[in-house]
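Working through the structure, step by step
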Amino acid sequence: MGNTVAREDFEWVYTDQPHADRRKEILAKHPEIKALMKPDYNLIWVVVLMVLAQLTAFYLVKDLDWKWVIFWAYVFGSCISHSMTLAIHEISHNSAFGNNKAMWNRWFGIFANLPLGLPYSISFKRYHMDHHRYLGGDGIDVDIPTNFEGWFFCTRFRKFIWIVLQPFFYAIRPLCINPKPITRLEIINLLAQLSFDVVIYYLWGAKSTFYMLAGSVLGLGLHPISGHFIAEHYMFLKGHETYSYYGPLNLLTFNVGYHNEHHDFPNIPGKSLPLVKKIAAEYYDNLPQYNSWIKVLYDFVMDDTISPYSRMKRQLKGEVKQD
């Protein structure tokens with residue numbers, strides 16, 4: 001348990017963004033994929049139903065014993081909360097209403113954020129666009145762990161703790177790596193969220209509020225769905241920067257597991273990414289892939305050659321444009 005991993009720095013690369021090059025090549029060979037670049041209006045109704053499901057859960061847990069509040073927060077609330085963060089991910093790509101109604105997507109993201117208990121949607125969109133434009137970019141892509149994370153979380157036990165604390169690191173990391181001025185929409189997101197939380201506490205009390213917040217924290221920490229955080233870009237195989245997952249949890253996560261496909265075509269909704277893989281199978285079938293996020297979490301902890309340092313990192317050149 002006390003073994004220290006060998007890696008002492010990130011894997012620095014000096015290549016261009018790989019997904020942009022592959023996108024051009026695939027579209028030249030399969031132009032029919034362009035037809036998939038359109039909104040997924042079903043996403044709207046799925047998100048509304050998820051919000052209603054959580055509101056129902058808030059009401060049902062208000063009089064339960066604390067042990068059952070904690071139980072249902074992990075077993076049910078965490079799944080809905082993590083799934084909602086991935087719905088917000090879809091909305092950040094304007095998948096709900098399309099690029100022509102960008103502000104509709106921003107307002108809808110704030111609505112989808114409500115049952116999470118913590119303001120998230122607007123800030124996530126700002127930083128996530130950087131992740132797509134400048135994958136691995138030093139000082140820009142806040143999906144890359146800090147040097148402290150790589151240095152400190154270097155044993156099996158510490159890596160386990162790092163997984164448990166992932167919500168904390170995803171919240172704090174942007175402030176350390178790439179702080180941005182607060183925008184009007186972020187303030188609105190914060191005020192809307194605080195107002196919602198106060199209403200839930202006033203109506204149904206501490207247990208419902210705890211269920212809401214605990215579900216979000218637990219769902220983004222030590223949870224099977226959280227395997228996607230590591231599966232997407234941590235370098236289990238040297239030279240491979242992005243990995244796809246084709247297991248059943250895609251049903252709960254808007255196909256975020258189709259991650260090579262998503263980075264190649266970020267303006268195609270998750271619903272259509274399996275079609276991208278099918279159409280351009282010759283590009284995806286032979287790439288490294290996963291079928292279990294639980295195994296990814298286990299391997300990350302137990303493999304002494306893997307740590308938060310196991311990411312490709314780039315020194316960006318030229319002008320950098322950020323949201």
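Reading guide: rules and limits
Residues numbered from 1 in each chain as written. Predicted model: local features only at pLDDT ≥ 70, side-chain atom pairs only at ≥ 80, totals over all residues. Heavy atoms only, no water. Helix = DSSP H or I, 4+ residues; strand = E, 2+ residues; numbered from the N terminus. Buried < 20%, exposed > 50% of the residue type's maximum accessible area, 1.4 Å probe, protein only. Contact = heavy atoms within 4.5 Å. Polar contact = N/O pair within 3.5 Å; in protein donor to acceptor, adjacent residues only side chain to side chain. UniProt positions renumbered as here; feature names shortened; annotations may be inferred. Salt bridge = Lys/Arg side-chain N within 4 Å of Asp/Glu carboxyl O. Core = buried A, V, L, I, M, F, W, Y, C linked by side-chain atoms within 4.5 Å. Expected span 1.5 Å × (residues − 1). Arc of directions from axis to C-beta. Phe/Tyr/Trp six-rings, centres within 6.5 Å; stacked < 30°, edge-to-face > 60°. Lys NZ or Arg CZ within 6 Å of the ring centre and 35° of its normal. Patch = residues over 30% accessible without salt bridge, like charges linked within 9 Å, V, L, I, M, F, W, Y side chains within 5 Å. Areas by Shrake-Rupley, 256 points an atom, 1.4 Å probe, with all protein chains shown as cover.

Let us now look at the environment of Thr 209. Along the chain, the position of Thr 209 falls in helix α10 (residues 206-219). Using a relative accessible area of 13% as the deciding quantity, one classes Thr 209 as buried. Separated by 92 residues in the primary sequence, Thr 209 and Gly 117 have C-alpha atoms spaced 8.0 Å apart. Beyond its immediate sequence surroundings of up to four residues, Thr 209 is in contact with Ile 200 and Tyr 201. Looking at Thr 209, its side chain comes within polar contact range of the main-chain oxygen of Gly 205, at 3.0 Å.

Moving on: the UniProt feature "transmembrane region" (unreviewed entry) in the protein. The residues that UniProt annotates with the feature "transmembrane region" (unreviewed entry) are residues 43-61, 68-87, 107-124, 187-204 and 210-231. The distance from the first to the last C-alpha atom of residues 43-61 is 27 Å, and the span holds 95% helix and 0% strand. Between the C-alpha atoms that bound residues 210-231 the distance is 29 Å, and the span itself is 68% helix and 0% strand.

Attention now moves to the pattern of salt bridges. Inspection of every chain in the model, using the stated rule, returns 15 salt bridges. Its salt-bridge partner being Lys 180, residue Asp 130 comes within 2.6 Å of it at the nearest N-O pair. With Asp 130 in helix α5 (residues 121-133) and Lys 180 in the loop between α8 (166-177) and α9 (184-204), the pair connects residues that are 50 residues apart, well separated along the chain. Summarising the burial analysis for this pair, Asp 130 and Lys 180 share the class buried. A network of salt bridges, in which partner residues are shared, links Asp 130, Arg 133 and Lys 180.

Let us now look at the nonpolar core. In this structure, Val 47, Met 84, Trp 162 and Ile 230 are the most contacted members of the largest nonpolar core, which totals 38 residues. The set of elements that each furnish at least two residues to this core consists of α2 (42-60), α3 (66-92), α4 (102-113), α7 (156-164), α11 (227-231) and α15 (293-302). Filtering out sequence-adjacent residues up to four positions away, Trp 162 remains in contact with Pro 145, Glu 149, Phe 153, Phe 169, Arg 173, Ile 230, Tyr 234, Phe 300 and Pro 308. Core analysis: the second largest hydrophobic core is formed by 13 residues, Ile 33, Tyr 246, Ile 268 and Val 276 among them.

Spacing of three or four residues puts side chains on the same side of an α-helix, whose turn is 3.6 residues. Its 12 residues place the ends of α8 16 Å apart at the C-alpha level, agreeing with the 16 Å of an ideal helix rising 1.5 Å per residue. Three or more residues of α8 are buried, namely Gln 166, Pro 167, Phe 169, Arg 173 and Pro 174. With its buried residues spanning 170° around the axis, α8 presents them on a single face. α8 presents Leu 175 and Cys 176 as exposed residues on the side facing more than 90 degrees away from its buried surface. On its buried side, α8 packs onto α5, α6 (147-152), α7, α10 and α11.

For the rest of this paragraph, the subject is the packing of aromatic side chains. Scanning the entire structure with this criterion turns up 25 aromatic pairs. Between Phe 108 and Phe 111, the aromatic rings sit 5.9 Å apart at their centres with planes inclined by 25°, giving stacked as the arrangement. In this pair, Phe 108 and Phe 111 are both assigned in helix α4, three residues apart and thus about one turn of the helix distant. Residue Phe 108 is classed as buried on the basis of its relative accessible area of 9%. Given a relative accessible area of 29%, Phe 111 falls into the partly exposed group. Plain terms: the ring middles of Trp 151 and Phe 152 are 6.0 Å apart, the flat faces sit at 50° to each other, and that makes the pair tilted. Residue class for Phe 152 comes out partly exposed when judged on its relative accessible area of 28%. A connected cluster of aromatic rings, assembled from ring pairs, spans Phe 148, Trp 151, Phe 152, Phe 153, Phe 168 and Phe 169. The positively charged end of Arg 158 is found above the aromatic ring belonging to Phe 152, 4.3 Å away from the centroid.

The next subject is a nonpolar patch on the surface. Together, Trp 68, Phe 71, Trp 72, Tyr 74, Val 75, Phe 76 and Leu 218 give the surface a local cluster of nonpolar side chains, amounting to about 610 Å² of exposed area. The biggest single contributor to the nonpolar patch is α3, with six residues. Relative to the assigned elements, Leu 218 resides in helix α10. Look at Leu 218 and you get partly exposed, because its relative accessible area is 32%.

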